[in-house]
Amino acid sequence: PQLPYLIDGPTKLTQSNAILRYIARKHNMCEWGAAAPGGGPRGFVGEGGLTPPHPAGGETEEEKQRVDVLENQLMDLRMNFARLCYSPDFEKLKPAYLEQLPKKLQELSRFLGSRPWFAGQKLTFVDFLAYDVLDQQRMFVPECPELKGNLAQFLQRFEALDKVSAYMRSGRFMKTPIFWRTAKWCNTK
């Protein structure tokens, strides 16, 4: 089968985000799905970058919009990073990637704000995606100042979750490789 894949009883899935959403639905961690009021956009990227809706508590439409916006913003960052890492011109393209990275991380930092999780008070599937993307950036640029402050606190909070912490201490946990052997970065154990 295509990698990654998940087999859970009769359920057989491929594709990372499909697997992530399936697991999230199974554990009641999904905060998406409804259209924005009036059929408008779920969020937008303005001049100042990623613009969050007003903060709200509970499982509100605004939180669902935050998840929708962030999921796509994170996938853009993930795909740009993967394109860089698989490019035969990795060394030539790396400076431009590093130049734009602080702005992208600042946008995510503003979006998170003082919330414990990206949608608000409740952990959602998008926090798993955010952790994965931010952890890869932390590995790529360990001294990146934009990965300090609230993003560092988010990463620590996520790693401190009981089951995540237990998994990371287990023999099953592998920090690397992130990419296949054909990548120019983080392609081996």
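Within each chain, residues carry numbers counting from 1 in the order of the written sequence. Only residues with pLDDT of at least 70 are given local features in this predicted model, and only at 80 or more are side-chain atom pairs given and counted; all residues enter the totals for whole chains, interfaces and linings. Note that the side-chain values use all heavy atoms of the structure and ignore hydrogens as well as water.

The name that an unreviewed UniProt entry assigns to the protein is Glutathione S-transferase, with the source organism given as Picathartes gymnocephalus. For the protein, the Subcellular location (unreviewed entry) comment in UniProt is given as "Cytoplasm". Its UniProt record gives the protein a comment under Sequence similarities (unreviewed entry), which states: "Belongs to the GST superfamily. Mu family." UniProt positions are given in the numbering used here, feature names are shortened, and annotations may be inferred rather than shown by experiment.

Undergrad: What's the story with the pairing of strand 2 (residues 11-14) in this structure? I'm lost.
TA: Any two strands are treated as partners once DSSP identifies two or more bridges connecting them. Under the scheme used here, helices are H or I runs from DSSP no shorter than 4 residues and strands are E runs no shorter than 2 residues, and both carry numbers assigned from the N terminus. Pairing between strand 1 (residues 5-8) and strand 2: four bridges, direction antiparallel. Note on strand 2: the bridge partner recorded for Asp-8 is Thr-11. Counting the residues in the hairpin turn of strand 1 and strand 2 gives two residues, including Gly-9, whose phi is positive at 60 degrees.

Undergrad: Can you help me understand the pattern of salt bridges in this one?
TA: Any two side chains of opposite charge can pair, given that their charged atoms come close. Only one rule defines a salt bridge in this text: a Lys or Arg side-chain nitrogen within 4 Å of an Asp or Glu carboxyl oxygen. Inspection of the entire model under this criterion finds four salt bridges. Among the salt bridges present, the one from Asp-132 reaches Arg-78, with a minimum N-O distance of 1.9 Å. Separated by 54 residues along the polypeptide, Asp-132 in helix 4 (residues 125-140) and Arg-78 in helix 2 (residues 61-86) bring together distant segments of the chain. When a residue's accessible area, from a 1.4 Å probe over protein chains only, is under 20% of the maximum for its type it is buried; when over 50% it is exposed; and in between it is partly exposed. Judged by relative accessible area, which is 17%, Arg-78 ranks as buried. Measuring nitrogen to oxygen at the nearest pair gives 2.6 Å for the salt bridge that ties Glu-159 to Arg-138. Taken as a pair, Glu-159 in helix 5 (residues 149-159) and Arg-138 in helix 4 lie far apart in primary sequence, 21 residues in all. Each of Asp-135, Arg-138, Glu-159 and Lys-175 takes part in a single network of salt bridges with overlapping partners.

Undergrad: When you look at the layout of surface pockets in this model, what are you seeing that I'm missing?
TA: Its boundaries defined by the atoms lining it, the largest pocket holds a volume of some 2,100 Å³. What lines the largest pocket is a set of 42 residues, and nearest its centre among them are Pro-4, Ser-16, Arg-78, Asp-132 and Tyr-167. Take the lining of the largest pocket: its biggest share by element is eight residues, from helix 4. Of the residues that constitute the lining of the largest pocket, the class distribution is 29 nonpolar, six polar and seven charged. As used throughout, domain bounds are those supplied by an automatic or database domain assignment. Among the domains, domain 1 (1-32) and domain 2 (61-169) are the pair contributing at least three residues each to the lining of the largest pocket. Here a cavity denotes a set of grid points, spaced 1 Å apart and computed over the protein atoms alone, in which a 1.4 Å probe fits but from which it cannot get out, and a pocket denotes an open set meeting protein on both sides within 12 Å along at least five of seven lines; residues with an atom within 4 Å of a point are reported as lining. Grid points are joined across faces, edges and corners, and a volume is the space filled by probe spheres set on the points. For this scheme, ten residues count as nonpolar: Ala, Val, Leu, Ile, Met, Phe, Trp, Tyr, Cys and Pro. Four count as charged, namely Asp, Glu, Lys and Arg, and the remainder, Gly too, count as polar.

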